[in-house]
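Notes for the structure review
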Amino acid sequence: MQELLHAIYQSLHIRALLKKADNFERNFSLQTKLYVLGLGKVAYHHVQAISETYQQLQIVNRIAVVPKDFSCISEEILIRGAHPELENQSFQAGQQLMHALKQIPSDGTLLFCLSGGGSALAEIAAPGLEEDFLKAVNSHLLKSGISIVEMNLLRMALSAFKNGGALCGFKGDAEVYLSILSDVPTHDWHSVASSPLIYRELKLEQIKDVVERWLPADWSGKIKKFLASSNYKKLQYEKKAVGQKFSIHSELVGDGEFALESVAASISSRYVVNLGVLSCPLAEAIELHLQCLKEMPPGPFAIISGGECPVTITAKKPGKGGRNTHFALALVEKIFYKNILGLSPQE
């Protein structure tokens, strides 16, 4: 098992993924002044791997926005945010990252490394909204059972940093390059970390529908009032204008589907069932796995899956761990404690 896990780790490490990617090499010359900025839970490793890939170039600056409890050798390149809750450090990290973008000269080339977790790690509240309000909304939604797609939609609407807002601080005239490691359970990988570099037109009716279904009435009313305000309209205009100014070249380095295919290829068992990247409610995902277990033939087998299944948390003092930890423990409870499959002691 240790050898298998090591093989999987090696195949999915960001260095291995970058070797298989195009990495924009044909776009750079030896005269390129490269600024490598990263945002996400694996931002440090992403930035380091990119730097190793382009070590023949002039890398002027490297910055990685990471969770506050992350530790590494090159502490000097880190900006620490918070995850999964929005905290004061998240807003400080957002301002620090915007400042770093503003320091890039007009002849500098930006290579931005993006991965999951960025939505909470760095934030700047939209004009007219308070940081404490965004913290409360984010915390409520994390426990509500909302899908990551709908949650990111709302995050984009309430942020000056997300949905292309990060580039409002970039003064460069050169092209922008975006290297993405996606954790979203859809093919919309530009929405990773709520899309800090790429602007898209948001549909107000969709946003209003989300807030009405998932937020308390007073919060919903406050957000709908903001959506109708001049602050919101001005912010969207600025993001759109910046989005039209820059040519953004983006590349998907890896996602859930690729990860599952790599895991399946590493397993030598005759029976490997890949259930794919799931986004259904947690209870449906558990039932899907249990049904699959019931249909497995005798002998070694493996069932693999991934994704972000929404979880509703009702406990006043929830434990630690994310959606996947919750799913794994819930499945273990069904199989071994409640013995829903009717296993014998030997099995």
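Let us look at the structure shown here. Keep in mind that this is a model prediction, so the values were computed, not measured.

A look at the overall build of the protein chain
Regarding its fold elements, the protein chain presents 13 helices and 8 strands. For the protein chain, the C-alpha radius of gyration of 22 Å lies close to 20 Å, the compact-globule estimate for 347 residues. Projecting the C-alpha coordinates of the protein chain onto the three principal axes gives extents of approximately 70 × 55 × 30 Å. Relative to its 347 residues, the protein chain shows a buried fraction of 48%. For the protein chain, restricting intrachain contacts to residue pairs at least 6 apart in sequence, the fraction spanning at least 24 positions comes to 78%. Here the protein chain has roughly 17,400 Å² of accessible surface; of this, 53% comes from carbon and sulfur atoms. Measuring between centres, the 35 positive side-chain charges of the protein chain sit 5 Å from its 35 negative side-chain charges.

Quick look at the packing of aromatic side chains
Tallied over the full model, the rule gives 4 aromatic pairs. Ring geometry for Tyr44 and Phe70: centres 5.5 Å apart, planes at 50°, overall tilted. Linking Tyr44 in helix 3 (residues 43-53) with Phe70 in the loop between strand 2 (58-67) and strand 3 (78-81), this pair joins segments that are 26 residues apart in sequence. In this structure Tyr44 comes out as buried when scored by relative accessible area, which is 8%. A ring pair is formed by Phe133 and Trp219, whose centres lie 6.0 Å apart and whose planes are at 80°; its orientation type is edge-to-face. Separated by 86 residues along the polypeptide, Phe133 in helix 6 (residues 131-144) and Trp219 in helix 9 (residues 217-227) bring together distant segments of the chain. The ring of Phe133 carries the charged tip of Lys222 above its face, separated from the ring centre by 4.3 Å.

Structural notes on the sheet that holds strand 5 (residues 176-181)
Two pairing modes exist for strands in a sheet, parallel and antiparallel, and in both the strands are linked by backbone hydrogen bonds. On the basis of which strands lie adjacent, the open sheet formed by 6 strands has the order 3-2-1-4-5-6 and parallel pairing. In the strand order of this sheet, the two ends are held by strand 3 and strand 6 (248-254), each with one partner. Taken over all neighbouring pairs, the strand axes of this sheet differ in orientation by 15° on average, direction set aside. Pairing of strand 4 (residues 109-115) with strand 5, which is carried by 6 bridges, proceeds in the parallel orientation. Among the inter-strand pairings, Leu114 is bridged to a residue of strand 5, identified as Ile180. The strands touched by helix 4 (residues 88-102) within the sheet are strand 1 (33-39), strand 2, strand 3 and strand 4, with strand 3 carrying the most contacts at an inclination of about 145°.

Re the side chain of Ser139
Among the secondary structure elements, Ser139 is positioned in helix 6. One polar contact links Ser139 to Lys143, side chain to side chain, over a distance of 2.8 Å.

Side note on the nonpolar core
Core analysis: the biggest nonpolar cluster contains 59 residues, and Leu37, Leu110, Phe112 and Leu154 have the highest contact counts within it. Beyond its immediate sequence surroundings of up to four residues, Leu37 is in contact with Val47, Ile63, Leu97, Ala100, Leu101, Leu110, Leu111, Phe112 and Cys113. Counting residues in hydrophobic clusters, the runner-up holds 25 residues, among them Leu34, Val66, Ile77 and Cys113.

Concerning the side chain of Ser115
Mapping Ser115 onto the fold places it in strand 4. Every residue in contact with Ser115, bar those within four places of it in the chain, is listed here: Leu39, Gly40, Lys41, Val42, Ala43, Leu181, Val192 and Ala193.

Definitions and cut-offs
- Positions within a chain are numbered from 1, following the residues in the order the chain's sequence is written.
- For this predicted model, a pLDDT threshold of at least 70 governs which residues receive local features, and a threshold of 80 or more governs which side-chain atom pairs are given and counted, while totals over whole chains, interfaces and linings are taken from all residues.
- Only heavy atoms go into the side-chain values, all of them from the structure, while hydrogens and water stay out.
- Think of it this way: any DSSP run of H or I at least four residues long counts as a helix, any run of E at least two long counts as a strand, and we number them from the N terminus.
- The reference for a compact globule is 2.2 Å times residues^0.38; the radius of gyration itself is calculated from the C-alpha atoms.
- Note on classification: 1.4 Å probe, protein chains only; a residue is buried when its accessible area is under 20% of the maximum for its type, exposed when over 50%, partly exposed between these limits.
- Contact criterion: two residues are considered in contact whenever any of their non-hydrogen atoms come within 4.5 Å of each other.
- Residue burial considers only the protein chains on display, and all accessible areas are found by Shrake-Rupley using a 1.4 Å probe.
- When charges are counted, Lys and Arg are positive and Asp and Glu negative, with His and the chain ends excluded.
- Lysine's charge is taken at NZ, arginine's at CZ, aspartate's at CG and glutamate's at CD.
- Each pair of aromatic rings taken from Phe, Tyr and Trp, with Trp reduced to its six-membered ring, is defined by centres within 6.5 Å and is described as stacked if the planes are under 30 degrees apart, edge-to-face if over 60, and tilted in the remaining cases.
- For a ring to carry a charge above it, either NZ of a lysine or CZ of an arginine must fall within 6 Å of the ring centroid while also lying within 35 degrees of the normal to the ring plane.
- Strand pairing requires that DSSP identify at least two bridges connecting the strands.
- Every axis in this analysis is a line fitted to C-alpha atoms, fitted for helices over the stretch in contact. Angles between the N-to-C directions lie between 0 and 180 degrees.
- Polar contact is defined as a pair of N or O atoms within 3.5 Å, subject to the rule that within protein one atom must be able to donate a hydrogen and the other to accept it, and that residues adjacent in sequence are counted only when both atoms are side-chain atoms.
- The nonpolar core is taken to be a set of buried Ala, Val, Leu, Ile, Met, Phe, Trp, Tyr and Cys residues, with the residues joined through side-chain atoms within 4.5 Å.

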